[in-house]
Amino acid sequence: IKELQQENPDTVAWIEIPDTPVSYPLLYSGDNDTYMTRTFSGEENASGAIFLEQHNDPELTDMTLFIYGHNMRDNSMFGSLWEYRDAAYLEEHPLIWLHTEEGSLAYEIFSVHRADTGTGTYTLYREADAGYAAYLESEKAASAYDTGVEPDGTEQAVILVTCTSDTEEGRFVVLGRRISPEES
């Protein structure tokens, strides 16, 4: 991470879903515009980069971490997230990893579904409370299928977000609950 930060100080982690195309630097610029159309190296490009929501803490301390990436036809960026519509794909790729300077964080996927912008899916929680537990329960219930994973209401969640082609407001989301690396 330190080497990547020398190239781009906006680097906060490396995101990886093993054995998928998702393996990129995770960037944070303090806005949601910069990396929509800029690469890791700062070049203008429609593919953009993978980036953390502007309202999230770049130290990754919030209970909900929103990570955005374009749905590219060649499966780059977050184009391959659509594969999670098939439960068999989830069985083969159940974990999301965030590799940071301090170590690696593992997240077990518990929900995959479509969520329009402006819905409760995009609620930022900074700490675990009754509202957060209800949020996790609601997101689990919204899943396109039963993943077999039950969040307990106290673990951090990562929410991967990519666009859909059917509406301007449509997004596809993949949610994971943090587990200890030993559980992975």
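Given the structure is predicted, the values throughout are model-derived calculations rather than measurements.

Thresholds applied
- Residues numbered from 1 in each chain as written.
- Predicted model: local features only at pLDDT ≥ 70, side-chain atom pairs only at ≥ 80, totals over all residues.
- Heavy atoms only, no water.
- Core = buried A, V, L, I, M, F, W, Y, C linked by side-chain atoms within 4.5 Å.
- Buried < 20%, exposed > 50% of the residue type's maximum accessible area, 1.4 Å probe, protein only.
- Helix = DSSP H or I, 4+ residues; strand = E, 2+ residues; numbered from the N terminus.
- Contact = heavy atoms within 4.5 Å.
- Phe/Tyr/Trp six-rings, centres within 6.5 Å; stacked < 30°, edge-to-face > 60°.
- Salt bridge = Lys/Arg side-chain N within 4 Å of Asp/Glu carboxyl O.

*Asks:* Is there a simple way to explain the nonpolar core in this structure?
*Replies:* In a soluble, globular protein the nonpolar side chains are often hidden away together inside. Membership of the largest hydrophobic core comes to 31 residues, with the highest contact counts inside it found for Ile15, Ile67, Tyr84, Ile96, Leu98, Leu160 and Val174. The biggest single contributor to this core is strand 6 (residues 104–114), with 4 residues. Leaving out residues up to four positions away in the same chain, Ile15 has contacts with Val22, Ser23, Tyr24, Ile50, Ile67, Phe78, Ile96, Trp97, Leu98 and Leu160. In this structure, Ala49, Met63, Tyr125 and Val173 belong to the second largest nonpolar core, which totals 21 residues.

*Asks:* I would appreciate a short explanation of the environment of Asp33 in the present structure.
*Replies:* Inspection of the secondary structure assignment puts Asp33 in the loop between strand 2 (23–27) and strand 3 (50–52). Taking the C-alpha atoms as reference, Asp33 lies 9.8 Å from Phe51; in sequence the two are 18 residues apart.

*Asks:* I would appreciate a short explanation of the packing of aromatic side chains in the present structure.
*Replies:* Here the distance between the centres and the angle between the planes together describe a pair of aromatic rings. Under the criterion given, the structure shown has 7 aromatic pairs. Judged by centre distance (6.3 Å) and plane angle (35°), the ring pair of Phe66 and Tyr122 falls under tilted. Note that Phe66 is positioned in strand 4 (residues 64–68) and Tyr122 in the loop between strand 6 and helix 3 (130–141), a separation of 56 residues in sequence. The class for Phe66 is buried, based on a relative accessible area of 2%. Of the aromatic side chains, those joined through ring pairs into one cluster are Tyr125, Tyr132 and Tyr135.

*Asks:* Can you help me understand the pattern of salt bridges in this one?
*Replies:* Once the charged atoms of two side chains with opposite charge are near each other, the side chains can pair. Per the stated rule, a full pass over the model turns up 8 salt bridges. A salt bridge links Arg38 to Glu44; the nearest nitrogen and oxygen atoms lie 3.1 Å apart. Accessibility expressed as a relative area gives 53% for Glu44, which makes it exposed. Among the ionic pairs, Asp62 bridges to Arg126, the shortest N-O distance being 2.8 Å. Residue Asp62 is located in the loop between strand 3 and strand 4, and its partner Arg126 is located in the loop between strand 6 and helix 3; the two are separated by 64 residues in the primary sequence. Judged by relative accessible area, which is 47%, Arg126 ranks as partly exposed.

The values reported here are purely geometric and, on their own, carry no functional implication.
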